[in-house]
Amino acid sequence: MAESAIRFVDGGAYERSMGVWSRMAGEVFLDWLAPAQGLEWVDVGCGSGAFTELIVERCAPLAVEGVDPSEEQLLFARGRPAGRLARFGRADAMTLPFEDARFDAAVMALVIFFVPEPAQGVAEMVRVVRPGGLVAAYAWDILGGGFPYTPVQAALREIGVVPPFPPSVEAAGTEALRGLWERAGLAGVETREIRVRQSFADFEAYWATVLMAGSVAQPLAGLGAAELERVRQGARARLVEADGGLVWEAQANAVRGTVPG
């Protein structure tokens, strides 16, 4: 897929900044899908392999293929325990390197907004899934304020800095996802919201994850000390105090459908 202003060149840093968020949302997503065991899966845009590992842990898959354009992310994914079963390879979401009707299930976990042509990415998932198989995705509701680092993005905008967004950020909306799935000819299309909360002992614990999150760390790196402090204070003001620390609730939108048989 085409280059995005947001680049993922460190699988370990991505895991430390987004890994907990990804796992929490992925758990809810899999609970909702309630897939059968023994399926053949493809995880499109597998990144560091966080969701791939959930498939291996929870779904007793027959086989899993994870594909992603970032070699750095794939290197990290191959080192996970999931690597004992899953295979990871470099590929474009809009041109999957698999034959028609190869898999029982295709998923995009926190990816569809990075696909330059989301409809083509969905069409490719439909193509490689067998009739009766599952095609599903979930993505952070960035425009709706549901991203784990929305507090930092909002604080950046307050000082006149526009944070980078994925190229197809609009695709993450619930109605946009429903439309993509229905236009792809999928049956039984359903959507839902996924809400997950993470607690931090203090603001510095939250900020440590911010500095490893590429989408916000990149613009932060260009700020002077005074601007950076304004962003820190603006982000801190948006976090909620609870349970003796700070809390942020993120939201993702999910969609699923079945390939007609």
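Heads up: the structure comes first, above all this text.
Everything quoted here is computed from the prediction, not taken from an experiment. (Residues numbered from 1 in each chain as written. Predicted model: local features only at pLDDT ≥ 70, side-chain atom pairs only at ≥ 80, totals over all residues. Heavy atoms only, no water.)

Moving on: the overall build of the protein. From N to C terminus, the protein includes nine helices and eight strands. Here the C-alpha atoms of the protein give a radius of gyration of 18 Å, agreeing with the 18 Å that 2.2 N^0.38 yields for 261 residues. Taken along the three principal axes of its C-alpha coordinates, the protein extends 60 × 35 × 35 Å. The buried share of the protein, reckoned over its 261 residues, is 56%. Residue pairs at least 24 apart in sequence account for 76% of intrachain contacts in the protein once pairs closer than 6 positions are excluded. For the protein, the accessible surface area stands at approximately 10,800 Å², while carbon and sulfur atoms represent 52% of it. Where the 23 positive side-chain charges of the protein centre and where its 33 negative ones centre are 1 Å apart. (Helix = DSSP H or I, 4+ residues; strand = E, 2+ residues; numbered from the N terminus. Rg over C-alpha atoms; globule rule 2.2 N^0.38 Å. Buried < 20%, exposed > 50% of the residue type's maximum accessible area, 1.4 Å probe, protein only. Contact = heavy atoms within 4.5 Å. Areas by Shrake-Rupley, 256 points an atom, 1.4 Å probe, with all protein chains shown as cover. Lys, Arg positive; Asp, Glu negative; His and termini not counted. Charge placed at Lys NZ, Arg CZ, Asp CG, Glu CD.)

Under the defined criterion, the tally for this structure stands at 21 salt bridges. Residue Glu53 is joined to Arg80 by a salt bridge in which the shortest nitrogen-to-oxygen separation is 3.3 Å. Of the two residues, Glu53 is situated in helix α2 (residues 50-59) and Arg80 in the loop between α3 (71-78) and β3 (87-90); the sequence distance between them amounts to 27 residues. A relative accessible area of 9% means that Glu53 is categorised as buried. A salt bridge links Glu229 to Arg232, with the shortest nitrogen-to-oxygen separation between them at 3.4 Å. One end of the pair is Glu229 and the other is Arg232, both in helix α9 (residues 225-238) and three residues apart, which spans about a single turn. One network of salt bridges, in which partners are shared, links Arg23, Glu27, Asp31, Glu57 and Arg58. (Salt bridge = Lys/Arg side-chain N within 4 Å of Asp/Glu carboxyl O.)

Formed by 90 residues in total, the largest nonpolar core has its most connected members in Phe29, Tyr138, Trp140, Val152 and Trp181. Tallying contributions element by element places strand β5 (residues 129-140) first for this core, with eight residues. (Core = buried A, V, L, I, M, F, W, Y, C linked by side-chain atoms within 4.5 Å.)

Our next topic: the pairing of strand β1 (residues 40-44). Within a regular beta strand, the side chains point alternately toward one face of the sheet and then the other, so they alternate between its two faces. Buried residues dominate β1, accounting for five of its five residues. Along β1, one buried face is formed by Glu40, Val42 and Val44 and the opposite face, lined by Trp41 and Asp43, is buried too. Across five bridges, β1 lies against strand β2 (residues 63-68) in parallel orientation. Bridging from a neighbouring strand, Val44 pairs with Val67 of β2. Between the parallel elements β1 and β2, the chain passes through α2 in a crossover that is right-handed. Summarising the sheet, β1 and strand β4 (residues 103-109) pair through three bridges and their orientation is parallel. Bridged to Asp43 within β4 is Val107. (Pairing = 2+ DSSP bridges. Right-handed = clockwise from strand over helix to strand, strands pointing away.)

Before going further, it helps to spend a moment on the pairing of strand β8 (residues 245-258). The buried count for β8 comes to 12 of 14 residues, which makes it a mostly enclosed element. In this sheet, β8 lies alongside strand β6 (residues 187-200) in antiparallel orientation, the contact comprising 12 bridges. Opposite Ile194, over in β8, you have Ala252 as the bridge partner. Across three bridges, the pairing between strand β7 (residues 240-242) and β8 is antiparallel. What sits directly across from Ala242, in β8, is Gly245. Between the antiparallel neighbours β7 and β8 lie two residues, among them Asp243 with a positive phi of about 55°.

What follows deals with the environment of Gly146. As for its position among the elements, Gly146 is in the loop between β5 and α5 (150-158). Look at Gly146 and you get buried, because its relative accessible area is 5%. C-alpha separation for the pair Gly146 and Val196, spaced 50 residues apart in sequence, amounts to 9.7 Å.

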